[in-house]
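# Summary of the model geometry
Each chain, letter by letter, is given below.
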Amino acid sequence: MAASKDMLGSSSPLLLERSSFLPNSRDLLLRRPNELCFSPLVLPTRKGRLNAGRNFKAPVAAISETPPLIKRMWASEEKPVKFTVRAALTVRKKSKEDIKETIANHLDALSDKIGRNVVLELISTQIDPKTKKAKKSSEAVLKDWSKKANVRTERVIYTAEFVVDSSFGDPGAITVRNRHQREFYLETIVVEGFACGPVHFDCNSWVQSSRDHPENRIFFSNKPYLPSQTPAGLKDLRENELKVLRGDGKGVRKSSDRIYDYAKYNDLGNPDKGIEGVRPTLGGDEIPYPRRCRTGRPPTDSDMGAESRVEKPYPMYVPRDEAFEESKQDTFSAGRLKAVLHSLIPSLIASIDADNQDFKGFHDIDKLYKEGLLLKEGLQDHLLKKLPFVSKIQESSQGLLRYDTPNIISKDKYAWLRDDEFARQAIAGINPVNIERLQVFPPVSKLDPEIYGPQESSIKEEHIVGQLNGMTVQQAIEAEKLYMLDFHDAYLPFIERINALDGRKAYATRTIFFLSQTGTLKPVAIELSLPSTTPSRPPKRRVLTPPTDATTHWKWQMAKAHVCSNDAGVHQLVNHWLRTHACMEPFILAAHRRLSAMHPVFKLLHPHMRYTLEINALARQSLINAGGVIESCFTPGQYCMEISAAAYRGWRFDQEGLPADLVRRGMAVPDPTQPHGLRLLIDDYPYASDGLLIWSAIEKWVRTNVDRYYPDAARIKSDAELQAWYAESIRVGHADKKDEPWWPALDRPEHLTSVLTTLIWLASAQHAALNFGQYPLGGYIPNRPPLMRRLIPDE
């Protein structure tokens with residue numbers, strides 16, 4: 001009704017009579033109570049298309065309000081009387097259609113004329129005392145589908161009329177049956193004509209043809225309900241809808257399905273291509289890992305434990321509503337993948353070139369941004385097969401690839417060579433979440449010394465004492481002046497296998513920084529470790545310090561490059577992919593399976609969960625798979641995902657929140673006098689200082705919602721859906737860690753607030769911090785070389 005009041009200024013009969021949207025007041029009083037007068041609105045832009053901007057809101061029907069006198073008269077009726085209400089449905093159309101879709105649209109328009117319509121039915125929140133089931137309206141047919149088939153707008157509004165009686169109560173759900181041949185995307189439904197006012201349904205879902213899915217689609221109104229507060233008329237619908245979303249765990253999933261289920265990562269390799277296509281299954285006792293969305297594809301011919309793959313251009317299954325919308329798909333293809341490919345293609349070109357020619361100098365790299373790279377004959381086709389979507393970033397049909405100038409060299413071409421910039425990127429670069437305070441010297445490994453040698457680092461006090469402004473190492477530690485990037489344990493177990501690969505060489509690195517009086521970091525030592533070649537020999541370790549002459553200068557620069565390569569791998573495989581994508585997927589799957597769309601927690605999480613499953617599926621198809629972008633362009637090659645899985649062994653959900661993470665790394669200490677309860681030990685740490693502001697805003701918003709629906713612990717413990725979601729996320733989605741003692745208990749409002757805040761933080765701000773700087777800083781290969789080909793020569 002708000003839309004009517006805003007347009008009319010009042011609901012008095014006099015003003016209603018003057019409105020061009022409504023009949024005169026005399027006609028209004030002759031109508032049955034609550035009957036509305038409806039005028040669908042089409043809002044063309046100057047180009048004849050609907051405004052598809054961010055501020056677009058589906059038009060709301062102009063509806064007359066029943067005068068209070070008639071409402072009182074109606075309330076006094078003893079016998080229910082039939083009356084009509086109407087609905088406005090906003091359907092979004094594709095902006096680009098192929099010939100098959102165009103033909104299907106025409107066939108749907110013809111079939112609509114002969115009675116194969118879209119049929120709707122309203123469901124009441126109340127139970128019919130006679131049938132003991134929810135009250136229902138008459139079935140209504142979507143009007144004017146055939147007449148609006150050729151409307152060239154992004155959104156089209158259709159109407160439908162329902163007949164209900166005065167004892168119907170409030171509508172709580174609506175069912176939709178699509179008797180056309182193809183699916184359509186239903187954005188919103190607004191039903192008006194009830195005394196309760198307009199009832200809104202945010203659908204945002206594909207409605208499949210009844211030929212493919214004979215059951216009716218159910219959409220609930222926007223009003224949230226805890227399970228215990230669900231109106232009687234909606235209880236069965238709520239439970240049945242969740243059963244549909246869980247499925248039965250059998251069969252191959254069709255692209256039109258909306259089923260959320262779990263599987264291990266057994267589809268990254270393709271053993272049918274030979275030994276080079278074999279990859280271990282991630283998930284299980286042998287290699288623990290989070291679970292992914294099940295697709296149910298048949299096994300490969302050569303390995304029953306490996307699921308067959310779907311290669312581009314064929315789509316990987318995700319539940320239909322998780323797939324990108326058309327605009328999102330365009331943005332993703334042209335933006336995110338473009339940024340990833342921009343930073344990785346140069347090294348890939350060198351690896352797949354028949355002559356295996358590396359860049360001969362910095363001028364070859366600079367040409368990528370100034371002149372572009374002209375691919376050799378036959379190499380372009382090879383590249384297109386190797387990397388899907390490369391054709392989208394080509395700037396000429398002759399195979400010329402040219403890249404935007406990354407921010408790191410846009411103002412100062414040589415900034416990346418300096419030690420101060422190297423240190424700055426440790427706290428303000430692409431990967432600002434690995435820097436930690438050095439609290440024990442020398443640093444100590446957690447790896448098994450019987451396998452990997454002495455745990456103590458080879459960095460000694462004499463290596464760094466001259467760089468500490470007159471302080472001893474112990475004094476610097478006590479003054480909180482020493483910090484470290486430690487990739488030793490992440491890489492050392494894999495170094496021998498990595499270095500056995502053709503054209504790939506790596507160290508396991510440690511870098512120590514000193515916090516100067518100006519509040520900035522400077523590197524004071526880099527340790528490069530190689531594993532022992534024989535059980536009787538200790539591991540080989542080299543310590544390099546800031547240069548004093550030309551020879552040590554280039555060795556120092558090469559050591560920094562190996563550190564950046566380690567950093568690039570851990571950033572992509574652990575902090576970005578594992579922590580903000582793979583570890584989030586089980587919580588998303590469980591939310592759809594166990595939390596009704598009416599649940600307030602689902603409504604809170606849903607905007608942050610959307611599209612993650614599709615992005616993860618695309619990653620399995622083209623990025624983290626055998627021979628994919630990550631393996632081709634990062635030093636660990638075929639062992640990339642094993643490094644990710646090794647990191648999962650140390651993953652803890654209770655330390656994924658920003659405050660806990662900062663304290664764990666020693667970058668902050670608890671301090672109740674500070675605004676966020678923490679004191680940062682490095683003032684100029686933008687990830688932490690800005691992040692705490694965002695974390696606090698998220699936490700405040702979450703706490704407001706939790707306090708609204710869960711005033712006490714009893715309400716949380718008695719919420720069957722909430723408890724089932726959290727338990728399944730742990731016991732099934734993170735099954736390999738289900739018995740860990742550190743999982744937070746979901747038994748108090750503050751615990752629920754912490755869990756939800758952490759999930760939203762990981763999916764939003766944390767992901768943004770790790771994702772959007774990739775091309776500005778990583779697009780210039782020497783600054784963050786993802787693939788190293790040589791070790792530093794021995795002295």
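Note that the structure is a prediction, hence the values are computed from the model and not measured.

Cut-offs and rules
- Residues numbered from 1 in each chain as written.
- Predicted model: local features only at pLDDT ≥ 70, side-chain atom pairs only at ≥ 80, totals over all residues.
- Heavy atoms only, no water.
- Helix = DSSP H or I, 4+ residues; strand = E, 2+ residues; numbered from the N terminus.
- Buried < 20%, exposed > 50% of the residue type's maximum accessible area, 1.4 Å probe, protein only.
- Areas by Shrake-Rupley, 256 points an atom, 1.4 Å probe, with all protein chains shown as cover.
- pLDDT = per-residue confidence, 0-100.
- Contact = heavy atoms within 4.5 Å.
- Core = buried A, V, L, I, M, F, W, Y, C linked by side-chain atoms within 4.5 Å.
- Disulfide = S-S within 2.5 Å.
- Lys, Arg positive; Asp, Glu negative; His and termini not counted.
- Salt bridge = Lys/Arg side-chain N within 4 Å of Asp/Glu carboxyl O.
- Polar contact = N/O pair within 3.5 Å; in protein donor to acceptor, adjacent residues only side chain to side chain.
- Phe/Tyr/Trp six-rings, centres within 6.5 Å; stacked < 30°, edge-to-face > 60°.
- Expected span 1.5 Å × (residues − 1).
- Bend = angle between axes of the 7 residues up to and from the residue.
- Pairing = 2+ DSSP bridges.
- Axes fitted to C-alpha atoms, helices over the stretch in contact; angles between N-to-C directions.
- Patch = residues over 30% accessible without salt bridge, like charges linked within 9 Å, V, L, I, M, F, W, Y side chains within 5 Å.

### Quick look at the overall build of the chain
- Each helix and strand counted, the chain has 27 helices and 20 strands in total.
- Considering the chain as a whole, with its 795 residues, one finds that 54% of them fall into the buried category.
- When the accessible surface of the chain is summed, it comes to about 36,300 Å², and 52% of that surface belongs to carbon and sulfur atoms.

### Topic: the confidence of the model for the chain
- Residues of the chain with pLDDT of at least 70 account for 81%, and the chain-wide mean is 85.
- Confidence drops under a pLDDT of 50 for residues 336-344, and excluding neighbours within four residues, the segment shows 32 contacts in the predicted structure.
- Counted against residues more than four places away or in other chains, residues 350-356, with its pLDDT under 50, gives 14 contacts.

### Re the nonpolar core
- The biggest cluster of nonpolar side chains holds 120 residues, and the ones touching the most others in it are Y289, I435, L662 and W725.
- No other element matches helix 16 (residues 550-582), which puts 11 residues into this core.
- Ignoring any residue separated from it by four or fewer positions in sequence, one finds L662 in contact with M667, A668, L678, L680, Y685, A688 and L692.
- Counting residues in hydrophobic clusters, the runner-up holds 29 residues, among them L120, F162, L186 and V199.

### Here we look at the state of the cysteines
- The full count for this structure, using the stated rule, is zero disulfides.
- C633 provides the cysteine sulfur closest to C640, a residue in no disulfide bond, and the two sulfurs are 9.6 Å apart.

### Things to note about the side chain of E322
- Looking at the element boundaries, E322 is found in the loop between strand 11 (292-293) and helix 7 (326-352).
- An unpaired buried charge is present at E322: no salt bridge exists, and R610, the closest side chain of opposite charge, is 6.4 Å distant.
- Among the polar contacts made by the side chain of E322, one reaches the side chain of Y260 at a distance of 2.7 Å.

### Here we look at unusual backbone geometry
- Residue K312 is joined to P313 through a cis peptide bond whose omega torsion reads 10°.
- Each neighbour pair has its own omega, and for F441 with P442 the value is -5°, a cis peptide bond.
- With respect to the helices and strands, P442 occurs in the loop between strand 14 (436-437) and helix 12 (449-452).
- Of note in the backbone geometry, D144 takes a positive phi value of approximately 65° without being a glycine.
- Tracing the backbone shows D144 in the loop between strand 4 (140-141) and strand 5 (155-165).
- Given the relative accessible area of 35%, D144 is considered partly exposed.

### With respect to the environment of S221
- In this fold, S221 is placed in the loop between strand 9 (217-220) and helix 6 (235-246).
- By relative accessible area, which is 6% here, S221 ends up buried.

### Points about the packing of aromatic side chains
- Using the criterion set out here, one finds 23 aromatic pairs in the structure.
- Ring geometry for F362 against W416: centres 5.6 Å apart, planes inclined by 65°, an arrangement best described as edge-to-face. Taken together, the residues F362 in helix 8 (residues 362-370) and W416 in the loop between helix 10 (407-410) and helix 11 (419-428) connect sequence positions 54 residues apart.
- Here W416 falls in the buried class, since its relative accessible area comes to 13%.
- Taken together, a centroid distance of 5.9 Å and an interplanar angle of 75° make the contact between W695 and W761 edge-to-face. Residue W695 is found in helix 23 (residues 686-709), and its partner W761 is found in helix 26 (residues 749-771); the two are separated by 66 residues along the sequence.

### Let's talk about helix 26
- The terminal C-alpha atoms of helix 26, which comprises 23 residues, lie 32 Å apart, in line with the 33 Å expected from a rise of 1.5 Å per residue.
- Its maximal kink placed at L762, helix 26 deviates by approximately 45°.

### Some details on the pattern of salt bridges
- Taken as a whole and assessed by the stated rule, the structure comprises 41 salt bridges.
- The salt bridge partner of D257 is R253, with a shortest N-O separation of 3.1 Å.
- In this structure, R594 engages E728 in a salt bridge whose closest nitrogen and oxygen atoms are separated by 2.7 Å. Taken together, the positions of R594 in helix 17 (residues 585-594) and E728 in helix 25 (residues 720-733) put the pair 134 residues apart, joining distant regions of the chain.
- If you follow the salt bridges from partner to partner, you end up with D267, R292, R297, E307 and R620 in one network.

### Concerning the sheet that holds strand 8 (residues 199-207)
- Strands sit in the order 5-1-7-8 across an open sheet of four strands; the sheet is antiparallel. The open sheet has two edge strands with one neighbour each: strand 5 and strand 8. Across this sheet, the average inter-strand angle for adjacent strands is 20°, counted without regard to direction.
- Here strand 7 (residues 184-192) pairs with strand 8 via seven bridges, running antiparallel. When the bridges of strand 8 are listed, I189 appears paired with F201.

### With respect to a nonpolar patch on the surface
- Together, I99, I103, L107 and L110 line one region of the surface with nonpolar side chains, adding up to about 390 Å² of accessible area.
- Counting through the fold element by element, L110 comes out in helix 5 (residues 99-113).
- With a relative accessible area of 51%, L110 lands in the exposed category.

### Comments concerning the environment of G466
- By the secondary structure assignment, G466 is in the loop between helix 13 (461-464) and helix 14 (473-478).
- Along the primary structure G466 and V524 are separated by 58 residues, whereas in three dimensions their C-alpha atoms are 9.0 Å apart.

### Some points on the pairing of strand 15 (residues 482-486)
- By the criterion of burial, strand 15 is predominantly enclosed, with four of the five residues buried.
- Pairing geometry for strand 14 and strand 15, over two bridges, is antiparallel. Note that in strand 15 the partner of E436 across the bridge is M484.
- Judged from the five bridges that link them, strand 15 and strand 16 (residues 508-515) form a sheet pairing that is antiparallel. The residue of strand 16 that forms the bridge with D486 is R510.

### Some thoughts on the sheet that holds strand 16
- The strand order across the open sheet formed by five strands is 14-15-16-17-18, and the pairing between neighbours is antiparallel. In this open sheet, the two edge strands, each paired with only one partner strand, are strand 14 and strand 18 (540-544).
- Note that strand 17 (residues 521-530) and strand 18 share five bridges and pair antiparallel. The residue bridging S529 from the neighbouring strand is R541, located in strand 18.
- Sheet contacts for helix 11: strand 15, strand 16 and strand 17; angle to strand 17, the most-contacted strand, approximately 80°.
- Where helix 16 meets the sheet, it contacts strand 16, strand 17 and strand 18, and its direction lies at approximately 80° from that of strand 17.

### Observations regarding the environment of S565
- Tracing the backbone shows S565 in helix 16.
- Measuring from C-alpha to C-alpha, the distance between S565 and T509 comes to 9.7 Å, with 56 residues separating the pair along the chain.
- The contacts of S565, once residues within four sequence positions are left out, are Y491, T635, P785, P786, L787 and M788.

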